[in-house]
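Structure assessment
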Amino acid sequence: MNRAPVLVTGLPRSGTSWTGKMLAAGGDLVYVNEPLNPQHPPGRCPGVLRASVTHRFQYICDDNADDWLPAFRDTVALRYRWLSELRANRSPYDLARLLRYGTAFSFGRLTGRRALLDDPFAVLSAGWFASSLGCRVIALVRDPVSFVASWQRLGWTVYFHELLEQPLLVRDHPELLELRALVGSQDRVSKAAALWRATRTILTRTPGILIASYESLAADPLTGFQRLYDYAGLAWTPVAQRRITRACTGASRAGTGFAWSGLSRTAFLPMDSRRALDHADRGLSSDDVARVRALTT
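Everything quoted here is computed from the prediction, not taken from an experiment. (Residues numbered from 1 in each chain as written. Predicted model: local features only at pLDDT ≥ 70, side-chain atom pairs only at ≥ 80, totals over all residues. Heavy atoms only, no water.)

**Brief notes about the overall build of the protein**
Heads up, the rule is: Under the DSSP-based scheme used, a helix requires at least four consecutive residues in state H or I and a strand at least two consecutive residues in state E, with every element numbered from the N terminus. Note on method: radius of gyration uses C-alpha positions; expected globular size equals 2.2 Å times residues raised to 0.38. Each residue is assigned to one of three classes by its accessible area relative to the maximum for its type, calculated with a 1.4 Å probe on protein chains only: buried under 20%, partly exposed between the two thresholds, exposed over 50%. Here, residues are in contact when the closest pair of their heavy atoms is within 4.5 Å.
Scanning the protein from N- to C-terminus turns up 13 helices and five strands. Computed over the C-alpha atoms, the radius of gyration of the protein is 19 Å, within 12% of the 19 Å expected from 2.2 N^0.38 for a compact globule of 297 residues. The C-alpha extent of the protein, read off along each of the three principal axes, is 55 × 45 × 40 Å. The buried share of the protein, taken over its 297 residues, is 52%. Across the protein, every contact between residues at least 6 apart in sequence was considered, and the portion connecting residues at least 24 apart equals 75%.

The following block contains the structure:
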């Protein structure tokens, strides 16, 4: 029986929440949302991950694994740290989240379920999760125009100093030094395109992971998710197929913006995945679309 934990990663707005929820639909996984997110919530929850996250896209490798390996071993083994969480977070929302995750971890461990980490902030460390934790890693990649357009509509940008201030990351991926030219830039289109290109390059040469196209999944979710179930060692059951069909082909509840929902603070909402591909460049001018294509090829 396959007992490997699963990591779903990829840049934010690449479909990681959707993919993670569909993989958990079969009932064999315990869904854990963004333990490496430096924002609370959903991150900074020591009950889930007893380690201090200092950067977005935190880079983890063998040279700093002493700080991370014990914490993530607890997480993927579904060992919840009740007291650590209670000491750090005591608001009514936090207590509700404590109960939700604590009981999910305990029940999952008792029933032999595996952990599923949905974490876009692990994307640059995907190789470490595969080699050191034995994760089955699925890395989502979205078409660059669709990706940049989504960030533009939300008003998001990237602060490259959070990457460049991580010496081990720059050491292992020196091409990231090219991003220095965009530090402080107000050109959000160019910055998002540069982030997409750098991340795609790193993922392409990362061993032990599966790169999956968001567009291919959205166009044919049943075929695509059956492939991902096989890769993750999950049973493709009538229950999983029915839930995925209902979540991916029914009336969309997703709006044009981004919002976390539920105690897990996930961005997933049911949608008609094929229709979600329509007008993927919305929010970009024709000149911007051409520029993104030029910057990412």
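**Observations concerning the environment of Pro167**
Examined against the element boundaries, Pro167 turns out to sit in helix α8 (residues 167–172). A C-alpha to C-alpha distance of 9.3 Å links Pro167 and Tyr59, two positions 108 residues apart in sequence.

**Things to note about the pattern of salt bridges**
Let me state the cut-off plainly: Think of a salt bridge as a Lys or Arg side-chain nitrogen and an Asp or Glu carboxyl oxygen that are within 4 Å of each other.
Under the criterion given, the structure shown has nine salt bridges. Here Arg56 ties to Glu162 by a salt bridge, and the two come within 3.8 Å at their closest N and O atoms. Taken together, the residues span a long stretch of sequence, with Arg56 in the loop between β2 (29–33) and α2 (69–76) and Glu162 in helix α7 (residues 161–164) at a distance of 106 residues. Between Arg81 and Asp74 there is a salt bridge, with the nearest N and O atoms lying 2.6 Å from each other.

**Some thoughts on the nonpolar core**
The condition that has to hold: For this analysis, a nonpolar core means a set of buried residues of the types Ala, Val, Leu, Ile, Met, Phe, Trp, Tyr and Cys, connected via side-chain atoms within 4.5 Å.
Counting residues in hydrophobic clusters, the biggest one holds 66 residues, and the most contacted among them are Leu36, Phe72, Trp128, Phe129 and Phe160. The element contributing the most residues to this core is helix α9 (residues 188–204), with nine residues. Ignoring anything within four residues of it in the chain, the contact list for Phe72 reads Pro35, Leu36, Leu49, Ile60, Leu117, Trp128, Phe129 and Leu133. One finds Leu29, Leu116, Leu140 and Ala247 within the second-largest nonpolar core, a separate group that totals 28 residues.

**Here we look at the pairing of strand β3 (residues 114–118)**
Put simply, the rule reads: Two strands pair under a simple rule: DSSP has to find at least two bridges between them.
A large share of β3 lies buried, amounting to five of its five residues. As paired elements, strand β1 (residues 6–9) and β3 share three bridges and run parallel to each other. By the bridge assignment for β3, Leu7 is matched with Leu117. Pairing of β2 with β3 involves five bridges; the strand directions are parallel. Across the sheet, Val32 pairs through a bridge with Leu117, a residue of β3.

**Side note on helix α13 (residues 286–296)**
Since there are 3.6 residues in each turn of an α-helix, residues three or four apart along the chain are aligned in direction. Put simply, the rule reads: It is the directions from the helix axis to the C-beta atoms whose arc is reported.
All buried positions along α13 are accounted for by Asp288, Val289, Val292 and Thr296. The buried residues of α13 all sit within an arc of 100 degrees when viewed along its axis, so they share a single face. The exposed set on the far side of α13, more than 90 degrees from its buried face, consists of Ser286, Asp287 and Ala294. Structurally, α13 contributes buried residues whose contacts are with α6 (144–154) and α9.

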